[in-house]
Amino acid sequence: MPRQSLLAICFTLGPIAISSGAAPQDGPSATSDSSAERAAARLDELEAESSKIQLELFERYRAAKTDAERAKIPDYNLGAWAEVKPRVVEASAEFAGTPGAVPFLLWTVGASVRTPHHDEAIAAMETLLEDHASDERTVRVARSLPRYTRSLGVEQAVELAAAFEGTCPGDEAKAAFRFAGVRSQRLTGKELADALTTVVEEFPRTRAAREAAGWKFQVERLQVGMTVPELEGTTLDGTDFRLSDHRGKVVVLEFWAVNCGPCREKMPASAERVRRLADAPFLHVGVQSCDGAPEVVRELTEERGVNWPIVTDRSVDGSSFGPIGTKWNLSGWPTVFLIDHEGVIRSDWATEEVLAKMLPELIERAKNR
């Protein structure tokens, strides 16, 4: 099954803005344009209010002096959603049956997934299916749907995904909902691999197919006890890198991103470990897997005292991860693998605690091989 992400998933509370053309002066279309303009204005207003609340909560958290004080401050996403939710639901009803309702319905689906109360979100999904399945923005439901299985139940979640797949136009949307159905089923092993293969083969060249291929790769190649697959790339200084060239060493393979706070925070400790193990059969290698520009990556690594090779894996198509990270099915940063001297994956979620516990023994084995 997919690795847990260290980073809390932060949903984008403000959905895609509505675009509108020039407004005719009279007739039925003028009324329609007026509705679209009012919906867009309402959306802007609520997004601005949500952003303001988020910033205030974040500043309160930063100003807190103790853990007890911090514990009393609502999560900045959930706190903002609790404040604006009644008006988002109200706007969904006000603009019901028009394209203007879509962003508010999507907002409800995306923001509610982290709350214990899902009734409004499930109702919003059903409305999107019934009234707005032909709207290309509805594909965004596919990302949240599998996380509602605890409320819907697996069977109903799969049925809902299939219903969206059958009514939404275009391969991108159909693939996304097919993939959502697979994710909702909680399959494992060969059953999961076979279901993912179906997505890849039936919907080639779609985003969902790329993600399904990464998940399949993880299931079949990246489990603890398996020999790590080859990883090739170019480092920041232009050197070719092949993971297999470092057999005989214990390897910490860390996927990270320039905009990942926990990644930056752990760099000094990693640098100290690299210095301490300079004479040991050990390698720490980073894979910078996001859309960070090389000059930004260099500046950050120099500032943080990074003393290990960084393989560049820049996203070029707007994806969250680069080609390597997508292939390896990353779900967040940092994702750290611990690999022994024989190339066997010993941990696919190597926290600092895991490294402190396992590294000494693995390095000793590598010395005595």
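Keep in mind the model is a prediction, meaning the values are calculated, not measured.

Asker: For this particular structure, what's the right way to read the environment of Glu159?
Answerer: Its place among the elements puts Glu159 in helix α8 (residues 154-167). Here the alpha-carbon distance between Glu159 and Ser184, two residues 25 residues apart in the chain, equals 9.9 Å.

Asker: Help me understand unusual backbone geometry in this model?
Answerer: Glycine aside, the phi torsion of most residues is negative, and most peptide linkages are trans. Cis geometry marks the peptide bond from Trp333 to Pro334; its omega dihedral reads -15°. By the secondary structure assignment, Pro334 is in the loop between α14 (323-327) and β6 (335-339). Positive phi is not limited to glycine here, since Asn329 has a value of about 60°. Residue position: Asn329 is located in the loop between α14 and β6.

Asker: Please clarify how helix α10 (residues 189-202) should be interpreted in this entry.
Answerer: Compared with an ideal rise of 1.5 Å per residue, which puts 14 residues at 20 Å, α10 spans 20 Å between its outermost C-alpha atoms and is within 8% of the ideal. For α10, the complete set of buried residues consists of Leu192, Ala193, Ala195, Leu196, Thr197 and Val199. In the core, the buried residues of α10 are packed alongside α9 (171-184) and α11 (207-221).

Asker: Just to check I follow, could you spell out the packing of helix α3 (residues 76-94) against helix α4 (residues 102-112) for this structure?
Answerer: Packed helices, taken two at a time, are described by their axes: the angle between them and the distance between them. Contact pair α3 / α4: the axes reach a minimum separation of 9 Å and the direction vectors enclose 145°. In this structure, α3 crosses over α4, and the sense of that crossing is left-handed. Contacts between α3 and α4 pair Trp81, Val84, Val88, Val89, Ala91 and Ser92 from the former with Phe104, Leu105, Trp107, Thr108, Ala111 and Ser112 from the latter. Taken together, the residues that form the contact of α3 with α4 break down as nine nonpolar, three polar and no charged.

Asker: Quick question: what am I supposed to make of the pairing of β6 here?
Answerer: Put simply, side chains in a regular strand alternate between the two faces of the sheet. Most of β6 is tucked away: five of the five residues are buried. Of the two faces of β6, the one holding Thr335, Phe337 and Ile339 and the one holding Val336 and Leu338 are both buried throughout. Across two bridges, β6 lies against strand β7 (residues 345-347) in antiparallel orientation. Paired with Leu338 across the bridge in β7 is Ser347.

Asker: I tried to follow the packing of α8 against α9 on my own but got confused; where do I start?
Answerer: Remark: α8 packs on α9, axes separated minimally by 8 Å, with the N-to-C direction vectors making an angle of 170°. Viewed along their axes, α8 and α9 adopt a mutual orientation that is roughly antiparallel. When α8 is examined against α9, the residues Val154, Ala157, Val158, Ala161, Phe164, Glu165 and Gly166 are found in contact with a partner set consisting of Lys174, Phe177, Arg178, Ala180, Gly181 and Ser184. Residues belonging to the contact of α8 with α9 are distributed by class as follows: seven nonpolar, three polar and three charged.

Asker: Is there a simple way to explain the state of the cysteines in this structure?
Answerer: Put plainly, a disulfide is one covalent bond tying together the sulfur atoms of two cysteines. Within this structure, the stated rule accounts for one disulfide. Not part of a disulfide, Cys290 finds its nearest cysteine sulfur in Cys263, a span of 8.9 Å. Classification of Cys290 as buried rests on a relative accessible area of 2%.

Asker: For this particular structure, what's the right way to read the pattern of salt bridges?
Answerer: Side-chain pairs of opposite charge can arise where the charged atoms are in close proximity. A complete count under the given rule lists 24 salt bridges for this structure. Here Glu94 ties to Arg38 by a salt bridge, and the two come within 3.1 Å at their closest N and O atoms. Within this pair, whereas Glu94 is found in helix α3, its partner Arg38 is found in helix α1 (residues 28-63), the two being separated by 56 residues in sequence. By relative accessible area, which is 40% here, Glu94 ends up partly exposed. The class for Arg38 is partly exposed, based on a relative accessible area of 43%. Notably, a salt bridge pairs Glu120 with Lys85, separated by 3.2 Å at the nearest N-O pair.

Parameters and conventions
Residues numbered from 1 in each chain as written. Predicted model: local features only at pLDDT ≥ 70, side-chain atom pairs only at ≥ 80, totals over all residues. Heavy atoms only, no water. Helix = DSSP H or I, 4+ residues; strand = E, 2+ residues; numbered from the N terminus. Expected span 1.5 Å × (residues − 1). Buried < 20%, exposed > 50% of the residue type's maximum accessible area, 1.4 Å probe, protein only. Contact = heavy atoms within 4.5 Å. Axes fitted to C-alpha atoms, helices over the stretch in contact; angles between N-to-C directions. Left-handed = near helix turned anticlockwise from the far one by under 90°. Nonpolar A, V, L, I, M, F, W, Y, C, P; charged D, E, K, R; others polar. Pairing = 2+ DSSP bridges. Parallel < 35°, antiparallel > 145°, perpendicular 65-115°, else oblique. Disulfide = S-S within 2.5 Å. Salt bridge = Lys/Arg side-chain N within 4 Å of Asp/Glu carboxyl O.

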